[in-house]
Amino acid sequence: MDVAVFCNCKNMELVCDGPRVAKPKASFVLGKNALLLVYKWLKSLRFPDGHASNISRLVNTEECRLYGMKSHDCHVFMQTLIPLAFRDLLLKGIWDALIEISHFFRDICSSKLNVDHIERLEKNIVETICKLEMIFPPSFFDSMEHLPIHLPFEVKVGGLIQCRWMYPFERLDITGAM
């Protein structure tokens, strides 16, 4: 009921019909057929050796779930697969916001950055987060969704992200072999 009080999102408000309360389907929610289409597509994916783990092994098409994704797999999913997976399935405004956040992470993780580009990223990520706030309910946003706002500053201060991220250590098994 807080959405009606604090947000200006008529499409996400609960609808009271006497004793019954109905929750409308959000515009960013995929139907069962579209979701199954995405998971079947993920099941058929193959990546070059060393680019990402075998994501097709992590897909359960019966339950429409992904199991056991490591942070690098999520990173690859966010940078590479979101633009492809949801292009024809989501509304244009929603897909555009997801593309912007996807491109932000792709750009911030590139091996070459200049100061002008970092400043442009710093300015644009605020607008992108605002677009996401217009799409998703307030309960979606916590400190992790706010984190990208600080990443361009960290790149300016600390240098390229590749020199500081934990993916190589996460991908090591207990014996130290990749």
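So, here is what we can say about the structure in this document. The structure displayed is predicted, hence computed values, not measured ones.

On to the pattern of salt bridges. Counted by the stated rule, this structure contains four salt bridges. Note that aspartate 96 and lysine 92 form a salt bridge whose closest N and O atoms lie 3.0 Å from each other. Taken as a pair, aspartate 96 and lysine 92 lie in helix α4 (residues 92-108) at a separation of four residues, close to a single helical turn. Take lysine 92: its relative accessible area is 59%, and that puts it in the exposed class.

The next thing to look at is helix α3 (residues 71-85). Taking the largest bend as the criterion, α3 deviates by roughly 40 degrees, centred on methionine 78. For α3, every residue scored as buried is listed here: His72, Asp73, His75, Val76, Phe77, Gln79, Leu81, Ile82, Pro83 and Ala85.

By the element assignment, leucine 91 lies in the loop between α3 and α4. By relative accessible area, leucine 91 is classed as exposed at 52%. In this structure, the C-alpha to C-alpha distance between leucine 91 and phenylalanine 28, residues 63 residues apart in sequence, is 7.7 Å.

Ranked by internal contacts, the top residues of the largest apolar core, which has 35 residues, are Leu42, Phe86, Leu90, Phe104, Ile108 and Leu132. Elements with a minimum of two residues in this core: α2 (32-43), α3, α4, α5 (115-135) and α7 (151-158). Considering every element that reaches this core, the biggest residue donor is α4, with nine residues. Leave out the neighbours within four places in its chain, and leucine 42 touches Ser56, Val59, Leu66, Phe77 and Leu81.

Given a rise of 1.5 Å per residue, 21 residues ought to cover 30 Å, and the 31 Å separating the end C-alpha atoms of α5 matches this to within 8%. Turning to α5, its buried residues are Ile118, Leu121, Ile125, Thr128, Ile129, Leu132 and Ile135. Contacts from the buried residues of α5 go to α4, α6 (143-146) and α7.

For serine 102, the position within the fold is in helix α4. A relative accessible area of 0% places serine 102 in the buried class. Serine 102 has contacts with Met78, Gln79 and Pro83, leaving out every residue within four places of it along the chain.

The tally for this structure, following the rule as stated, stands at four aromatic pairs. With centroids separated by 5.3 Å and ring planes inclined at 75 degrees, the aromatic side chains of phenylalanine 104 and phenylalanine 105 adopt a geometry described as edge-to-face. Their ring planes at 90 degrees and their centres at 5.1 Å tell us that phenylalanine 140 and phenylalanine 141 sit as a pair that is edge-to-face. An aromatic cluster of at least three residues, connected via ring pairs, comprises Phe28, Phe136, Phe140 and Phe141.

Cut-offs and rules
- Residues numbered from 1 in each chain as written.
- Predicted model: local features only at pLDDT ≥ 70, side-chain atom pairs only at ≥ 80, totals over all residues.
- Heavy atoms only, no water.
- Salt bridge = Lys/Arg side-chain N within 4 Å of Asp/Glu carboxyl O.
- Helix = DSSP H or I, 4+ residues; strand = E, 2+ residues; numbered from the N terminus.
- Buried < 20%, exposed > 50% of the residue type's maximum accessible area, 1.4 Å probe, protein only.
- Bend = angle between axes of the 7 residues up to and from the residue.
- Core = buried A, V, L, I, M, F, W, Y, C linked by side-chain atoms within 4.5 Å.
- Contact = heavy atoms within 4.5 Å.
- Expected span 1.5 Å × (residues − 1).
- Phe/Tyr/Trp six-rings, centres within 6.5 Å; stacked < 30°, edge-to-face > 60°.

Any functional reading would require information that these geometric values do not contain.
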